[in-house]
Amino acid sequence: MSEAQKNKTNEEILGPAKIDLVSIGLSCLGSIAAGFLGGLFTLLLTYVILGSLQNSNIFPYILSLIGFFAVLITVSVTFILNRLLFSEKYKAGGVVIRQIFILSIFFFIFITPLYVYINWVKPDFIVFAFLFHILINILAVSLLSEILSSYRYVLLSIYGSFIGFFIVSLISIVLFMNFSPSRSALYSLMGVIVVVNLLITASRLLFEYAYYNIYTSTGIDYLGEIFSKIENEEKEIVAKAEKELGTFE
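A quick note: this is a predicted structure, and the numbers were derived from the prediction, not measured. (Residues numbered from 1 in each chain as written. Predicted model: local features only at pLDDT ≥ 70, side-chain atom pairs only at ≥ 80, totals over all residues. Heavy atoms only, no water.)

Trainee: Whenever I open this one, the overall build of the protein chain confuses me. Can you help?
Mentor: Tallying secondary structure elements over the protein chain gives nine helices and zero strands in all. Residues counted as buried form 41% of the 249 residues belonging to the protein chain. Within the protein chain, contacts between residues at least 6 apart in sequence are counted, and of these 80% link residues at least 24 apart. With the model as given, the accessible surface of the protein chain reaches about 14,100 Å², and the carbon-plus-sulfur share is 70%. (Helix = DSSP H or I, 4+ residues; strand = E, 2+ residues; numbered from the N terminus. Buried < 20%, exposed > 50% of the residue type's maximum accessible area, 1.4 Å probe, protein only. Contact = heavy atoms within 4.5 Å. Areas by Shrake-Rupley, 256 points an atom, 1.4 Å probe, with all protein chains shown as cover.)

Trainee: Just checking my understanding: could you explain a nonpolar patch on the surface for this structure?
Mentor: Residues F36, L40, L44, Y47, V48 and I49 make up a contiguous nonpolar surface patch of about 590 Å² in total accessible area. Here Y47 lies in helix α3 (residues 21–49). Judged by its relative accessible area of 52%, Y47 falls in the exposed class. (Patch = residues over 30% accessible without salt bridge, like charges linked within 9 Å, V, L, I, M, F, W, Y side chains within 5 Å. Salt bridge = Lys/Arg side-chain N within 4 Å of Asp/Glu carboxyl O.)

Trainee: How do you make sense of the pattern of salt bridges when you look at a structure like this?
Mentor: Side chains that carry opposite charge are capable of pairing whenever their charged atoms lie near each other. Within the structure shown, the criterion is met by two salt bridges. For E146, the salt bridge identified is with R204, shortest N-O distance 3.4 Å. Separated by 58 residues along the polypeptide, E146 in helix α6 (residues 126–149) and R204 in helix α8 (residues 181–218) bring together distant segments of the chain. Taking relative accessible area as the criterion, E146 reaches 2% and is therefore assigned buried. Given a relative accessible area of 3%, R204 falls into the buried group. Across the pair R204 and E208 runs a salt bridge whose closest N-O atoms are separated by 3.5 Å. Of this pair, R204 and E208 both sit in helix α8, four residues apart, which is roughly one turn of that helix.

What follows is the structure in structure tokens.
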């Protein structure tokens, strides 16, 4: 147990993690930097390596693989930075990173056929497959990392992450309607990964910040009580089942 954990009061242990505006700002800056790294990786590989492969049959597979690594770079760096900022919350770092990798592999396997289909039917629209891949993959791994790190307050992460996801989806639709094809492609390859990573992080943290302030003002832990009730109900069901099995024996 770390020194910080030993010094925590019972109220801090039982309640939601403390969060402030400075930590939110630093986490948002980290998410921008992580998204920029992922986007830069995508842009460089797409224009340098894939330029000669665009008309090749392996192009959709390579683009899907680039999406996989771009997401992996972005979410891994984001998680590591958040772990530095919120060390009390993100304890199981190795477990989370492994599960992020496994989930991203599943997305790569199941989304690659979409790349292939769109490249076969409408090659100019393959950027939409990449856009969808980035959006849904980052949303999924964001939720996964939060569930594994703080299941008691995961509803905050679910609400915040989905709001960020819907906002960035709306932004993407508006940009595609008003941008030229070249700018839309640039946004899909580099901009979207920055925007979605930032907005999901920001909206999730703002939900956690608002809830923490409600908790400190009222002293009522609505979400903690919900999961405590669910846990107690599960224990009662298990205890009842064990008791009934014992009577039959």
